[in-house]
Amino acid sequence: MKKYVEMNKQELEEEIASLRAVYKKYQGMGLNLNMARGKPCREQLDLSMGLMDALNSDADLSCADGTDCRNYGVLTGIDEAKELIGAMMENKPENIIIYGNSSLNVMYDTVSRAYTHGIMGNTPWCKLDKVKFLCPVPGYDRHFAITEYFGIEMINVRMTSDGPDMDEVERLVSSDEAIKGIWCVPKYSNPQGYSYSDETVKRFARLKPAAKDFRIFWDNAYGIHHLYDNDQDYLIEILAECKKAGNPDMVYKFASTSKITFPGSGIAALATSLNNLDDITAQLTNQTIGHDKVNQLRHVRFFGDIDGMKEHMRKHADIIRPKFEAVIEILERDLAPVGIGSWTKPKGGYFISFDAPNGCAKDIVDRAKKAGVTMTGAGATFPYKKDPDDSNIRIAPTFPSLADLRTAMDIFTVCVRISAAKKLLETVTE
Ligand SMILES: Cc1ncc(COP(=O)(O)O)c(C=O)c1O
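Because the structure is predicted, anything quoted here is derived from the model rather than measured. (Residues numbered from 1 in each chain as written. Predicted model: local features only at pLDDT ≥ 70, side-chain atom pairs only at ≥ 80, totals over all residues. Heavy atoms only, no water.)

Let's talk about helix α1 (residues 9-27)
Taking 1.5 Å of rise per residue, the 19 residues of α1 would be expected to cover 27 Å, and the 26 Å separating its terminal C-alpha atoms lies within 8% of that figure. Listing the buried residues of α1 in full gives Leu12, Glu15, Ile16, Leu19, Tyr23 and Tyr26. Projected down its long axis, α1 carries its buried residues within an arc of 100°, all on one side. In α1, the exposed positions that point more than 90 degrees away from the buried face belong to Gln10, Lys24 and Lys25. For α1, the secondary structure elements touched by its buried residues are α13 (361-370) and α14 (402-427). Regarding α1, its N-cap is asparagine 8, as a side-chain oxygen of that residue lies 3.2 Å from the backbone nitrogen of glutamine 10 further along. (Helix = DSSP H or I, 4+ residues; strand = E, 2+ residues; numbered from the N terminus. Expected span 1.5 Å × (residues − 1). Buried < 20%, exposed > 50% of the residue type's maximum accessible area, 1.4 Å probe, protein only. Arc of directions from axis to C-beta. Contact = heavy atoms within 4.5 Å. Polar contact = N/O pair within 3.5 Å; in protein donor to acceptor, adjacent residues only side chain to side chain.)

Some details on the nonpolar core
Core analysis: the biggest nonpolar cluster contains 52 residues, and Tyr4, Leu331, Phe354, Met375, Ile395 and Phe412 have the highest contact counts within it. Discounting residues that sit within four places of it in the chain, leucine 331 has contacts with Ala336, Trp343, Phe354, Ile395, Met409, Phe412 and Thr413. One finds Met159, Val173, Ile267 and Ala271 within the second-largest nonpolar core, a separate group that totals 51 residues. (Core = buried A, V, L, I, M, F, W, Y, C linked by side-chain atoms within 4.5 Å.)

Some words on the packing of helix α4 (residues 79-89) against helix α11 (residues 293-303)
Running from amino to carboxyl end, α4 crosses α11 at an angle of 55°, the nearest separation of the two axes being 9 Å. Relative to α11, the element α4 is oriented oblique. In the packing of α4 onto α11, the handedness of the crossing is left-handed. Only Gln296, His299, Val300 and Phe303 of α11 make contact with α4, whose side of the interface consists of Glu80, Ala81 and Leu84. Across the contact of α4 with α11, the residue classes break down as four nonpolar, two polar and one charged. (Axes fitted to C-alpha atoms, helices over the stretch in contact; angles between N-to-C directions. Parallel < 35°, antiparallel > 145°, perpendicular 65-115°, else oblique. Left-handed = near helix turned anticlockwise from the far one by under 90°. Nonpolar A, V, L, I, M, F, W, Y, C, P; charged D, E, K, R; others polar.)

Concerning the sheet that holds strand β13 (residues 392-395)
The strand order β10-β11-β13 describes an open sheet built from three strands, whose pairing is antiparallel. At either end of the open sheet lies a strand with only one pairing partner, and these are β10 (342-343) and β13. Here four bridges tie strand β11 (residues 352-355) to β13, and the two strands are oriented antiparallel to one another. The partner of serine 353 across the bridge, within β13, is arginine 394. Seen against the sheet, helix α12 (residues 306-334) touches β10, β11 and β13 and runs at an angle of roughly 15° to β11. (Pairing = 2+ DSSP bridges.)

Observations concerning the site of the ligand
The immediate surroundings of the ligand are formed by Ser102, Ser103, Leu104, Tyr140, Val185, Asn190, Asp219, Ala221, Tyr222, Ser256, Ser258 and Lys259. Separating an oxygen atom of the ligand from a backbone N or O atom of leucine 104 is a distance of 2.9 Å. Serine 258 places a side-chain nitrogen or oxygen 2.5 Å from an oxygen atom of the ligand. Alone, the ligand offers 400 Å² of accessible surface; in the complex the protein occludes 88% of this. Here the shell around the ligand is composed, by residue class, of five nonpolar, five polar and two charged. (Near = heavy atom within 4 Å. Areas by Shrake-Rupley, 256 points an atom, 1.4 Å probe, with all protein chains shown as cover.)

Examining the sheet that holds strand β2 (residues 96-98)
If you walk across this open sheet you meet the eight strands as β2-β9-β8-β7-β6-β3-β4-β5, and the pairing is mixed. Since the sheet does not close on itself, it has two edges, and those belong to β2 and β5 (163-164), each with one partner. As judged from the four bridges shared by strand β7 (residues 215-219) and strand β8 (residues 251-256), these two strands associate in the parallel manner. Note that in β8 the partner of isoleucine 216 across the bridge is valine 251. Each of β6 (179-184), β7, β8 and β9 (268-271) is contacted by helix α5 (residues 103-116), which is oriented at about 155° to β8, the strand it contacts most. The strands that helix α6 (residues 141-149) touches are β3 (132-137), β4 (153-160), β6 and β7; relative to β6, the one it contacts most, it runs at about 160°.

Geometric values such as these leave the question of function open.
Right under this line is the structure:
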């Protein structure tokens, strides 16, 4: 098969005509497939049904220290949960607050608190003329939605396979006091599945921010979400690294069990320095008497310890690994020979990032939609939903069945090829 860039006008036209026939066939099938959001599939959710048996009406709902989980209290979470989630986040229990069911909610609260009340005695962001955040792109749409909601100006920073472009991060953070934060998904990033290199983490820890209240929003959502047993990414622990570098208060670290047990019914946590924890609990005490301790206890009883959690994650991997591999196989089968697009090959996390030829992403997503395949909206991986190259598309392989996923990917690559060939046709003269 010839590469598209080597094709002349007639060859491209013939290619488009034959792809259109295939596309029409798919359109006639009345499909309704979805590769849009990073949701676990049913079989993955079934893995955690034991949570429902971990506690029943005969259970003793007391913690080791005697706390009755059925009653009010324990603002920052039960010790057992701090122990378990601490092991998952690689932080000491004393550095952890266990929250409710969603880490995104904790991130929102953290921005909101900084906005209305300020961080550790600094001016609340709402009283400043300008507040800015750095946004490694492509990134997670819901992070960008939070900062957009608070009117925070978002600045794109290029992602590399080692993490954000640190020259740019250092330059911006040290020169502009209005920059108060950066969104990071440091391990198996959303959407690329990249993990930050040792060098990147160390440079983060050694940042010299112009703003005293600059914080790294370190969303380690996929810390233990490996696809392979023997080939896993490793991430340096940021809190310890910041402490070593003399910046102990510079990071807020977030995680949850959303993609471990039940999204929306798991437990979320924040790990940070004791200074930050004091600052946060002073606010939290006005917000709640305590989060859902029964659910915390349920998770502890279900997993036992971090080894139980890791074993559980292997079962998730067994279900979703074939899906990731099918996506990569189909992209390589259909697009590599014609030299179109590029994509990541993650070893964990929930997504694959696909880059189409510039100016094609919207067209591809629209085309896929018309053939019954829903993708994450083109542009969603950028602040303000504006992909300057109209190139990036996030692929979420976990939710559909393997058979549906394969069909969806067959259609997706046809859409990519039509769109890319049409784009090239605009520039070819003969
Ligand atoms: C990077 C990242 N952070 C957070 C979340 C959501 O986490 P939670 O369910 O704990 O709010 C997701 C979900 O897709 C995610 O990809």
